[in-house]
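# Breakdown of the fold
Each chain is listed here by its residues.
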Amino acid sequence: MGSIAGFVGIGPSRDPVDARLGELDTIAVDPSHWRTGIGKTLMSVALRYLIADGYDEAVVWTVEGYERGIAFYETMGWSRDGGVRDEGRQIRFRRDLSTL
């Protein structure tokens, strides 16, 4: 009905800076649309574009303790890789794209 339910953004990794590494830099879904499959669809589109852009691997950062986001990334095949920033307030996840 002409409203935005969610959006996703990708690009080259900014942290760490590595031209061979992609980044899921944004994914957001309006709370009224949570648990409807929009997040999974957006993730699928993002992964396809990261692969099409030539990346074999990608990272995403999220806030430590944001259990809903962490569970979503883990369900979608992302794994913590030990990266932290902002004095431990943000944690990094990594995803192998070569098997998709």
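Quick caveat, the model's predicted, so the values are computed rather than measured.

### Things to note about the sheet that holds strand S3 (residues 57-63)
- The mixed open sheet is built from 5 strands, whose spatial order is S1-S2-S3-S5-S4. In this open sheet, the two strands that pair with only one neighbour each are strand S1 (6-14) and strand S4 (79-85). On average, adjacent strands in this sheet sit at an angle of 30 degrees to one another, irrespective of strand direction.
- Sheet topology note: the S3/strand S5 (residues 90-96) ladder contains 7 bridges and is antiparallel. Pairing of Glu 57 across the sheet is with Asp 96, part of S5.
- Its contacts with the sheet place helix H1 (residues 38-52) against S1, strand S2 (17-29), S3 and S5, and it is angled at close to 160 degrees to S2.

### Notes on the environment of Arg 92
- Among the structural elements, Arg 92 can be located in strand S5.
- When its relative accessible area of 14% is taken as the criterion, Arg 92 is described as buried.
- Separated by 21 residues in the primary sequence, Arg 92 and Ala 71 place their C-alpha atoms 13 Å from one another.
- Apart from the residues lying within four places of it in its own chain, the contact partners of Arg 92 are Asp 15, Pro 16, Val 59, Val 60, Trp 61, Ser 79, Arg 80, Asp 81, Gly 82 and Gly 83.

### Regarding the layout of surface pockets
- Estimates place the volume of the largest pocket at around 720 Å³.
- Forming the walls of the largest pocket are 28 residues, and the residues nearest its centre are Ile 27, Tyr 66, Arg 68, Gly 69 and Phe 72.
- Of all the secondary-structure elements, those providing two or more residues to the lining of the largest pocket are S2, H1, S3 and helix H2 (67-75).
- Looking at the lining of the largest pocket, its residues break down into 13 nonpolar, 8 polar and 7 charged.

### Focus: the environment of Gln 90
- Tracing the backbone through its elements, the reader meets Gln 90 in strand S5.
- Taking C-alpha positions, Gln 90 is 5.2 Å from Glu 64, a pair spaced 26 residues apart along the chain.
- When sequence neighbours within four positions are dropped, the list of residues in contact with Gln 90 reads Trp 61, Thr 62, Val 63, Glu 64, Gly 83, Val 84 and Arg 85.
- In this structure the side chain of Gln 90 is engaged in a polar contact, spanning 2.6 Å, whose partner is the side chain of Arg 85.

Parameters and conventions
Residues numbered from 1 in each chain as written. Predicted model: local features only at pLDDT ≥ 70, side-chain atom pairs only at ≥ 80, totals over all residues. Heavy atoms only, no water. Pairing = 2+ DSSP bridges. Helix = DSSP H or I, 4+ residues; strand = E, 2+ residues; numbered from the N terminus. Axes fitted to C-alpha atoms, helices over the stretch in contact; angles between N-to-C directions. Contact = heavy atoms within 4.5 Å. Buried < 20%, exposed > 50% of the residue type's maximum accessible area, 1.4 Å probe, protein only. 1 Å grid on protein atoms, 1.4 Å probe; cavity = no way out; pocket = protein on both sides within 12 Å on 5 of 7 lines; lining within 4 Å. Points joined across faces, edges and corners; volume = space filled by probe spheres on them. Nonpolar A, V, L, I, M, F, W, Y, C, P; charged D, E, K, R; others polar. Polar contact = N/O pair within 3.5 Å; in protein donor to acceptor, adjacent residues only side chain to side chain.

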